[in-house]
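# Reading the structure
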Amino acid sequence: MSVLLTLCVALLPLATPGRGAQQWEPCTDLRPLDILAEAVPPDSAAGGVRVTRVQGVRGLQLSAASPHAMSFPASRIFVRCDLFPEEFSIVVTLKVPNLPPKKNEYLLAVVAEDRDALLLGLRYSPTQLHFLFLREDSAGAWQTRVSFRSPTLMDSQWHTLVLAVSEGSFSLTTDCGLPVDIVADVPFPATLSMQGARFFIGSRRRTKGLFTGLLRQLVLLPGSDATPRLCPCRNAEFALLSIPRILRGFTGKPEENEVLRYPYETDMKVTLGSRPPCTKLEDAQFWFDASRRGLYLCVGSEWVSVLAAEEKLDYVEEHQSLFTNSETLGIEVFVIPEAGLFVATANRKTTSAIYKWTDGKFASYQNIRTHQAQSWRHFTIGKRIFLAVANFEPNEKGQEFSVIYKWSQRKLRFTPYQRVPTHSARDWEAFQVAGEHFLAVANHREGDNHNINSVIYKWNPRTRLFETNQTIATSGAYDWEFFTVGPYSFLAVANAFNGTSTKVLSHLYVWLVGSFQLFQSFQTFGAADWEVFRIGERTFLAVANSHSYDVEMQVQNDSYVINSVIYELNVSAQAFVKFQEVLTCSALDWEFFSVGEDYFLVVANSFDGKTFSVNSIIYRWQGYEGFVAMHSLPTFGCRDWEAFRTAAGAYLIYSSAKEPLSRVLRLRTG
């Protein structure tokens, strides 16, 4: 690859000696630019960033950090001018997790902040590595993507990649192997301006697409192919150009390519007991936390995790009593980039509310007029951020509709965007199929008739509105749940009542030839919720059964204490089969979450036939034993659960349909 750098000034007309001929200068030095080190402070990781040692090698885990925490302005690197090099290499050492089909995670993104445009990006999917860049000319601007197939990243091993770019030539070398070359029709731009741009590490400025693996090295080398600098190398998967100080050896010097060292090569001191100070005297010394079985290294003034203490759920404690406008039938927790973490409460009376996470607790942020709201659904379409409410009752004029609200970047509030005719709506589900956006509403009843159509709406990019796409016959529909398995898209409906009995079939539909077709039916009893979740390669589907009732039978108190069911996908049978029955008390919701390497389900028990003061239960995954009860949580008329995380830890929030009080619980780990 020839050494051609973008010039920081336009070439002047040819100058003669003595008339001030001007020398050109590159926008950056020809030395490696450690992008990862720019984002992480030299002595400690940024908030939410964790140092983890895997296979004897340290890497940074970024998934708990906010996108903005792992970013820096481009002006910090491009000090001489604003143009990105025309020829360069990007060196990445990483360990990636297994991703579900069609999911992408960003390793690097350079974003023009004023217009939220992706100028340059590097992301990967289960089968490809994608390099993206923005090309602009007199005809306009468009995104170009160069994709390398099967870089064999998802084998739970470390790998070092070198992406070399020179005009229209793109080359990818993995672990010093043979390069894969692509000659693209569209060359990399010679004048890609970095003015007002920002580098984001492990994200694309938003929470969607966050990198969930480990990152050890991310280096930009202007002007040349980095491969000759790195290869050949005995440990090619750890080939080193530059890494942050926090990932270097015990002496603070950069590690060589031979990263694995014998114990006798280091003068090592380990301190036991309670947390000691970390000062210059303790620099490069270890502390072993026996209570949590974690090993830490003193780097600068911070103890950095070397052998991570295994995170375990010890107990659950109340963190906040959230007083609401009235009884709350549904809650939705969501994040708006650069605005924060929010929860929307669907309240029984005429005002529902949105709360913002402020100083470690939810605080009132916005009130919205609703009509016995049942649930909220947050979703995005491109840069647009929406929040849809399911209204159960008509307004004062007898008009029955639910409303989609849109986030206003100017007002920093949700404003009405579209009214949608509904019938005692219980739930919204937003999803994508083949790149198109859909919104499904669960219509519960029309008057006294529970056997009515629920509707799937499709986003029209031209009108920028949702329009009816498909109707599906339902019986007292309560909930929709969308999920994918491989290339297939599924939509499950929870049918609760057919007018005479709660013993009705709930259905699972599969997307075929442009619409949802019936795939499987399940016998349910007042089904109020479906929850899909995955453990390893296994896919489960849990239904919350709320009530066993028939008009021809006398109602007994124990008709509320019935089994809810967890199904597992049997790929050979091409069907979900019963995996486990769980005794519940008028269950209205399931919520799946994880802590460390442990998996949990929490059920919203609402009524046992006598009282609404019923314990809701957290179940822990025990492998072949299935889910086993672990914690009993006192709740009153529990309606909905949501799990969420902040930089401070993991939380659960539940709503009560019988009192104007929701509670935030903190998951204490040890």
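For the structure itself, consult the block above.
The following refers to the structure shown. (Residues numbered from 1 in each chain as written. Predicted model: local features only at pLDDT ≥ 70, side-chain atom pairs only at ≥ 80, totals over all residues. Heavy atoms only, no water.)

## Let's talk about the side chain of T328
Note the following rule: By the criteria applied, helices consist of DSSP H or I runs no shorter than four residues and strands consist of E runs no shorter than two, each listed in order from the N terminus. Categorising residues by exposure relies on relative accessible area from a 1.4 Å probe, with only protein chains included: less than 20% of the type maximum marks a residue as buried, more than 50% marks it as exposed, and the intermediate range marks it as partly exposed. By definition, residues are in contact when any of their heavy atoms lie within 4.5 Å.
Tracing the backbone through its elements, the reader meets T328 in strand β20 (residues 328-336). Of the residues examined, T328 reaches a relative accessible area of 0% and is grouped as buried. The contacts of T328, once residues within four sequence positions are left out, are T345, A346, N347, R639, S655, S656, A657, E659 and S662.

## Some remarks on the packing of aromatic side chains
Note the following rule: Pairing of aromatic side chains here covers Phe, Tyr and the six-membered ring of Trp, requires ring centres within 6.5 Å, and sorts the geometry by plane angle: under 30 degrees stacked, over 60 edge-to-face, intermediate tilted.
Tallied over the full model, the rule gives 59 aromatic pairs. Taken together, a centroid distance of 4.5 Å and an interplanar angle of 10° make the contact between F431 and F482 stacked. On the criterion of sequence distance, the pair formed by F431 in strand β28 (residues 425-433) and F482 in strand β32 (residues 477-485) is long-range, its members being 51 residues apart. Using a relative accessible area of 6% as the deciding quantity, one classes F431 as buried. Relative accessible area serves as the criterion here: at 15%, F482 is assigned to the buried category. Centroid distance W459 to F466: 5.2 Å. Interplanar angle 65°. Geometry classified as edge-to-face. Under the relative-accessibility criterion, W459 is labelled buried at 6%. Residue F466 is classed as buried on the basis of its relative accessible area, which comes to 6%.

## Description of the environment of E467
Condition: Polar contact is the term for a pair of N or O atoms within 3.5 Å; when the atoms are in protein, one must be able to donate a hydrogen and the other to accept it, and sequence-neighboring residues count only if both atoms are side-chain atoms.
In this structure, E467 sits in strand β31 (residues 465-475). Here the alpha-carbon distance between E467 and L439, two residues 28 residues apart in the chain, equals 9.4 Å. Once residues within four sequence positions are removed from consideration, E467 is found in contact with I456, Y457, K458 and N460. A polar side-chain atom of E467 sits 3.2 Å from a polar atom in the side chain of T463.

## Regarding the sheet that holds β28
Definition in use: Paired strands, in this sense, are two strands between which DSSP finds at least two bridges. Between the N-to-C directions of two axes lies an angle of 0 to 180 degrees, each axis being a line fitted to C-alpha atoms and, for a helix, fitted only over the stretch in contact.
Here we have four strands laid out as an open sheet, ordered β28-β29-β30-β31, and antiparallel in their pairing. Only two strands of the sheet have a single partner each, and these edge strands are β28 and β31. Strand-to-strand twist of the sheet, defined as the mean angle between neighbouring strand axes without regard to direction, takes the value 20°. Pairing between strand β29 (residues 436-443) and strand β30 (residues 451-460): four bridges, direction antiparallel. Looking across to β30, one finds that V441 is bridged to V455.

## Details of the state of the cysteines
Rules: Whenever a pair of cysteine sulfur atoms sits within 2.5 Å, that pair is classed as a disulfide.
A full pass over the atoms with the stated rule returns two disulfides. Paired through a disulfide, C176 and C231 show a sulfur-sulfur distance of 1.9 Å. Of note, the bridge from C176 to C231 carries an S-S torsion of about -80° and is left-handed in sense. Of this pair, C176 sits in the loop between β11 (169-174) and β12 (180-183) while C231 sits in the loop between α2 (227-230) and β15 (270-271); the two residues are 55 residues apart in sequence, bridging distant segments of the chain. Linked covalently through their sulfurs, C278 and C298 form a disulfide whose S-S length is 2.1 Å. Every disulfide takes its handedness from the sign of the S-S torsion; for C278 and C298 that torsion is 95°, giving right-handed. Pair noted here: C278 is in the loop between β15 and β16 (286-289) and C298 is in strand β17 (residues 294-299), with a separation of 20 residues, a long-range link. Under the relative-accessibility criterion, C278 is labelled buried at 10%.

## Notes on the pattern of salt bridges
Selection rule: Only one rule defines a salt bridge in this text: a Lys or Arg side-chain nitrogen within 4 Å of an Asp or Glu carboxyl oxygen.
Across all of its chains, the model carries 15 salt bridges by this definition. Residue R663 pairs with E318 through a salt bridge whose shortest N-O separation is 2.8 Å. Separated by 345 residues along the polypeptide, R663 in strand β46 (residues 661-669) and E318 in strand β19 (residues 313-323) bring together distant segments of the chain. Judged by its relative accessible area of 43%, E318 falls in the partly exposed class. Between E568 and R538 there is a salt bridge, with its nearest N and O atoms 2.7 Å apart. Here E568 is found in strand β38 (residues 561-570), whereas its partner R538 is found in strand β37 (residues 538-545), with 30 residues between them in sequence.

## Details of the nonpolar core
Operational definition: Within this scheme, the nonpolar core is defined by two criteria: the residues are buried Ala, Val, Leu, Ile, Met, Phe, Trp, Tyr or Cys, and they are joined through side-chain atoms within 4.5 Å.
In terms of nonpolar packing, the biggest core is built from 61 residues, with F84, F131, F188, M194, F199 and I201 touching the most fellow members. For this core, the leading source of residues is strand β7 (residues 117-124), giving five residues. The residues touching M194, leaving out its near neighbours within four places in the chain, are A74, F78, D82, F84, V110, L119 and F199. Counting residues in hydrophobic clusters, the runner-up holds 19 residues, among them A346, W376, I385 and F414.

## Structural notes on the environment of G626
With respect to the helices, strands and loops of the structure, G626 is situated in the loop between β42 (613-621) and β43 (627-636). Linking G626 and I566, residues 60 residues apart in sequence, is a C-alpha distance of 9.6 Å. Excluding residues within four positions of it along the chain, G626 makes contact with F579, Q580, R620 and W621.

## Things to note about the sheet that holds strand β8 (residues 128-137)
Note: strands within a sheet are paired through backbone hydrogen bonds, in either parallel or antiparallel orientation. Read across the open sheet, the six strands follow the order β4-β13-β6-β7-β8-β9; overall the sheet is antiparallel. Looking at strand neighbours, the two that pair on one side only are β4 (71-73) and β9 (140-149), the edges of this open sheet. For this sheet, the mean angle separating the axes of adjacent strands, direction not counted, is 15°. In this sheet, strand β13 (residues 197-201) lies alongside strand β6 (residues 105-112) in antiparallel orientation, the contact comprising five bridges.

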